Amino acid sequence: VEEKETVKSENKEVLIQDARTGLTVEALKKAILNNLFYVQGKYPEIATRNDYYMALSFAVRDRLLQRWTSSVKQYLEGKNRVVSYLSAEYLLGPHLANNLINLGIYKEMEQATQELGVNLQWLIDKEVEPGLGNGGLGRLAACYMDSLATLEVPAIGYGIRYQFGIFEQDIRDGWQVEDTDNWLRRGNPWEIARRELNYEVKLGGYVQHYMDRDGRYRSNWMPELTVKGVAYDTPILGYKVNTCNALRLWKSEAPKSFDFQSFNSGDYNHAVNQKIICENISKVLYPNDETISGKILRLQQQYFFVSCSLQDMIGIHLRQGEKIEDFNVTFAVQLNDTHPAIAIAEMMRLLLDEHDLEWVDAWRVTTRTFAYTNHTLLPEALETWDLELFGSVLPRHLELIYEINKRFLDEVTIKVYGDHQKISSLSIIGEGPRKFIKMANLACVGSFAINGVAALHSDLLKKTVLKDWYAYSPEKFSNKTNGVTPRRWMVLSNPKLTALISEKIGENWIKHLDELKNLEQYADDPEFQKSWMQVKLEMKQELAKRILGKTGVKVDPESMFDIQVKRIHEYKRQHLNVLHLITLYNRLKQNPKMDMVPRTFIFAGKAAPGYKMAKLIIKLITSVGDLVNNDPDVNHRLKVVFYPNYNVTNAQRIYPAADLSEQISTAGKEASGTGNMKLSMNGALTIGTLDGANVEIREVVGEENFFLFGLTAEEVTQKRNEGYDPYTYYKSNKELKLAIDQIASGYFSHLDDKIFKDLVNNLIYHDPFLVLADYESYVACQDKVSEAFRDKAAWARMSILNTARMGKFSSDRSIREYCDDIWKVKSVPVHLNGDS
Ligand code: T68
């Protein structure tokens, strides 16, 4: 930290209720005009839409900052334990409307803008969302930040300020095309650059060892490169509370010493190159979900943000006058998957090399600080690093990991005497043609708590990927079922449903989602059912308009909106959904007069740019769509839409319009899922397997209100062990065979019989995710869905009950469990400065 200056103000009055903080329509209008003039340098007649958006955002930000400074003050005075959430990804979504809701001034702002002659929604739609995440994991971090603040828990989120977030997806000729996400191009009114708050991070080089004067063995890391991390803070305000926590994201830069040294000696190129190398670290988000590519830059990213964050926490701790040995009293640090797991070695390095602790003391502090959340059972997603590559980036950490591992394996050997298989499975270092570092093992040794993200997932963790860890330290394991914030996923994205619910049961449910159960009494009320389905219809009409605008496909809002929106992945089985769609199409072709419930199939989701099969699945969806949407025999009873560029903004528009939620992953593969929760909260019925949180959703909504199909996780394993042969399923089911043959023959691709060859062969000869094994059960279940949709009243009842029973899946519940069981932190209510 370069400089520290505090300005003391005697007059607390200025902080309260002036044009920068007031919440009345008048104060807001004044604030917007002020910002337009003094920040944007415009007067209303020449201000652009973006000028207004910025002026409005700064007006909102001022009000957040007032709460933020109050929160910081309160936290520092109280010596409260602080939660530190370490995540390489935060998929926040647009801030403006969410902040208006959490501040409780949405209506006031609507009026203020209207009186100024601009439309609030028009400005809200102007915001470019920060897509600093891939999918579920990043979005979970964002929901948890919202709940931490809402529950008034002192917390700080740490991550990376990627200059380019997740790519933008365009569909051209039916294929996914990626475009860079330059989200910062018009500036970001929601962040505050804290130039003075920066840390140096070493990379590469070698380690010197020597004995110091006191006879102590010391290490000196001589890096090849040093980068600087600069803090950018985004305020995260809780819902109708004064708690405003920070999301602190690090931007990498060159330390200023660099350019000057080389520049002065005339090596201008070197100076410029160094600058570029440093800035590259926080340049772009890796767009892979569920797989880890062993790229140096990704390891550098992970270490970069972890090191800045830990240095920052230690600074905060010491500035409070605390001893370094008590670090774990001040901070509970949660690792969002293994991406930040290098924190365990970095904590050791900081304590040993920079703060002079002995090994035993450093290890005690470290293992009382960290807790680890696992988000996947897919073996290919478990993070490992080639040992040589790892050592070339983090030579000191490699030494430390060897030492951690040595001491740990000594302990293990005594406990499991002679069981080499166990010892090697617990080792942090993997042996093979090339040695590698197992990040999950590092996370498990160094953490005092380990959790999965849904009951089934936590259970399977103990039985499969972390089996030996569970046997070794069962006391560390627990389950924390995921949740989502009802503020963004109901209040913000579905205002009409929110109003309808609140009209009946008041507004308390927004903070206490269990209270939604008070809706159950209206589930059979025909009037309420009518209003409920009317809201659904209106949301479908809105989505239909957007679909027409984006894809040119005209869909019927009265048809069933059958929705699968999520990352494209073979285990999520979008292709199973397509096989059902083709089956319905064939039934109609064979019998054009049949009475079929009209359906609109809506897909959305990004494929990792290097994931060929996922990209092919997108092409399959669009190809089938092109044919089906234009076939007069189908007569508009089937429509297929691929809604491009699925992100938080688009998700908010899609969920409220869903009738049917597709959660059809192979059992045992989806850790939890969170889209399943958001859809159900918005009144969609689920068709799903017994996977992830589906199991718990079905438990609470009732089996009669959930469409279940498919093999269980156990049956899947059993089938594999027996030697699963997809070909027999293909041969023996006529409708399935026809669908697959059509894809193979080029029926959906202008007779091009090569394009889907890999996909088809993979399905009939390998089918790693048992698509064919589940097909029959899936189609039979879909037939039941269609029948159920004919009975409007019964459907409305089920829809109401789904929403009414979703209380458990608020992220407030999840966060409360983390606070009580893992972090041991308490709420600290915040008073506004100057208030008593
Ligand atoms: C998801 N994981 C799980 N990973 O798939 C989902 N991975 O079931 C769960 O609900 C969600 O986490 C929250 O717990 C991911 O989203 C990634 O995005 C990811 C990113 C980089 C590397 C590996």
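Residues numbered from 1 in each chain as written. Predicted model: local features only at pLDDT ≥ 70, side-chain atom pairs only at ≥ 80, totals over all residues.

Within an unreviewed UniProt entry, the label attached to the chain reads Alpha-1,4 glucan phosphorylase, and the organism entered is Cecembia lonarensis. UniProt's Catalytic activity (unreviewed entry) comment on the chain is quoted here verbatim: "[(1->4)-alpha-D-glucosyl](n) + phosphate = [(1->4)-alpha-D-glucosyl](n-1) + alpha-D-glucose 1-phosphate". (UniProt positions renumbered as here; feature names shortened; annotations may be inferred.)

Chemist: Is there a simple way to explain the site of the ligand in this structure?
Modeler: In the vicinity of the ligand there are 20 residues, among which Gly-136, Leu-137, Asp-289, Ala-671 and Ser-672 approach most closely. Of the residues belonging to the shell around the ligand, the class tally is six nonpolar, 11 polar and three charged. Residues from two domains meet in the shell around the ligand; each of domain 1 (79-94 + 129-481) and domain 2 (486-807) gives at least three. (Near = placed C-beta within 6 Å. Nonpolar A, V, L, I, M, F, W, Y, C, P; charged D, E, K, R; others polar. Domains from an automatic or database assignment.)

Chemist: Just to check I follow, could you spell out the nonpolar core for this structure?
Modeler: Counting residues in each nonpolar core, the largest one holds 240 residues, and the members touching the most others are Ala-343, Leu-442 and Ile-654. Broken down by element, this core gets its largest block of residues, 10 residues, from helix H2 (residues 49-78). When we break this core down by domain, the ones giving at least three residues each are domain 1 (79-94 + 129-481) and domain 2 (486-807). Once residues lying within four places of it in the same chain are set aside, the contact partners of Ile-654 are Leu-543, Ile-563, Val-565, Ile-602, Ala-604 and Tyr-643. (Core = buried A, V, L, I, M, F, W, Y, C linked by C-beta atoms within 7 Å. Buried ≥ 20, exposed ≤ 12 C-beta atoms within 10 Å, placed from the backbone. Helix = DSSP H or I, 4+ residues; strand = E, 2+ residues; numbered from the N terminus. Contact = placed C-beta atoms within 7 Å.)

Chemist: Quick question: what am I supposed to make of the UniProt feature "modified residue: N6-(pyridoxal phosphate)lysine" (unreviewed entry) in the chain here?
Modeler: Residues annotated by UniProt as "modified residue: N6-(pyridoxal phosphate)lysine" (unreviewed entry) correspond here to Lys-678. For Lys-678, the position within the fold is in helix H25 (residues 675-681). Assessed through the 30 C-beta atoms surrounding it within 10 Å, Lys-678 is described here as buried. Excluding residues within four positions of it along the chain, Lys-678 makes contact with Val-484, Trp-489 and Tyr-655.

Chemist: Would you take a moment to explain the sheet that holds strand E15 (residues 429-430) for this structure?
Modeler: Hydrogen bonds between backbone atoms are what pair the strands of a sheet, whose relative direction is either parallel or antiparallel. In spatial order, the strands read E14-E16-E15; together these three strands make up an open sheet with antiparallel pairing. A single partner strand is all that each edge strand has here, and the edge strands are strand E14 (384-386) and E15. Note that E14 and strand E16 (residues 436-438) share three bridges and pair antiparallel. When the bridges of E16 are listed, Trp-385 appears paired with Ile-437. (Pairing = 2+ DSSP bridges.)

Chemist: Quick question: what am I supposed to make of helix H4 (residues 106-115) here?
Modeler: Given 3.6 residues per turn, any residue in an α-helix points the same way as the ones three and four places further on. Where H4 is concerned, the buried positions are Met-109, Ala-112 and Thr-113. Taken down its axis, H4 places every buried residue within 95° of arc, on the same side. Packing partners of the buried residues in H4 comprise helix H1 (25-38), helix H3 (96-103) and helix H5 (120-124). (Arc of directions from axis to C-beta.)

Chemist: Would you explain the confidence of the model for the chain in this entry?
Modeler: For any part of a model where pLDDT is low, the fine detail of the predicted coordinates should not be relied upon. Across the chain, pLDDT averages 95, with 97% of residues at or above 70. Below pLDDT 50 for its whole length, residues 1-9 participates in six contacts with residues either more than four positions away or in separate chains. Across residues 11-16, where pLDDT falls below 50, the model places 11 contacts with residues more than four positions away in sequence or in other chains. The ipTM for the predicted assembly is 0.98, set against a pTM of 0.97. (pLDDT = per-residue confidence, 0-100.)

Chemist: It is not clear to me how the sheet that holds strand E20 (residues 599-604) should be interpreted in this structure. Could you clarify?
Modeler: Taking strand neighbours across the sheet as the criterion, the six strands line up as E21-E20-E19-E22-E23-E24 in an open arrangement whose pairing is parallel. Two strands bound the open sheet, and with one partner strand each, they are strand E21 (638-642) and strand E24 (707-708). Where strand E19 (residues 560-565) meets E20, six bridges bridge the pair, whose relative direction is parallel. Within E20, the position partnered with Asp-562 by the bridge is Phe-601.

Chemist: What am I meant to see in the domain arrangement of the chain here?
Modeler: The figure often quoted for interface size is the accessible area lost as the parts come together. Here the chain is partitioned into domain 1 (79-94 + 129-481) and domain 2 (486-807). The gap between the C-alpha centroids of domain 1 and domain 2 is 35 Å. In this assembly, 39 residues from domain 1 lie in contact with 33 residues from domain 2. Listing elements by their share of the side of domain 1 that touches domain 2, those giving two or more residues are helix H6 (136-150), strand E5 (168-172), strand E6 (175-179) and helix H17 (455-463). Counting residues per element, the side of domain 1 that touches domain 2 draws most heavily on H6, which supplies five residues.

Chemist: Would you explain the packing of H1 against H2 in this entry?
Modeler: The relative placement of two packed helices comes down to the angle between their axes together with the axis-to-axis distance. Following both chains from N to C, one finds H1 and H2 inclined at 125°, their axes separated by 8 Å at the closest point. The orientation of H1 with respect to H2, classified from their angle, is oblique. Of the two possible hands of crossing, H1 and H2 adopt the one that is right-handed. Facing Leu-28, Ala-31, Ile-32, Asn-35 and Leu-36 of H1, the residues of H2 in contact are Asp-51, Ala-55, Leu-56, Phe-58, Ala-59 and Asp-62. Among the residues forming the contact of H1 with H2, the class breakdown is eight nonpolar, one polar and two charged. (Axes fitted to C-alpha atoms, helices over the stretch in contact; angles between N-to-C directions. Parallel < 35°, antiparallel > 145°, perpendicular 65-115°, else oblique. Left-handed = near helix turned anticlockwise from the far one by under 90°.)

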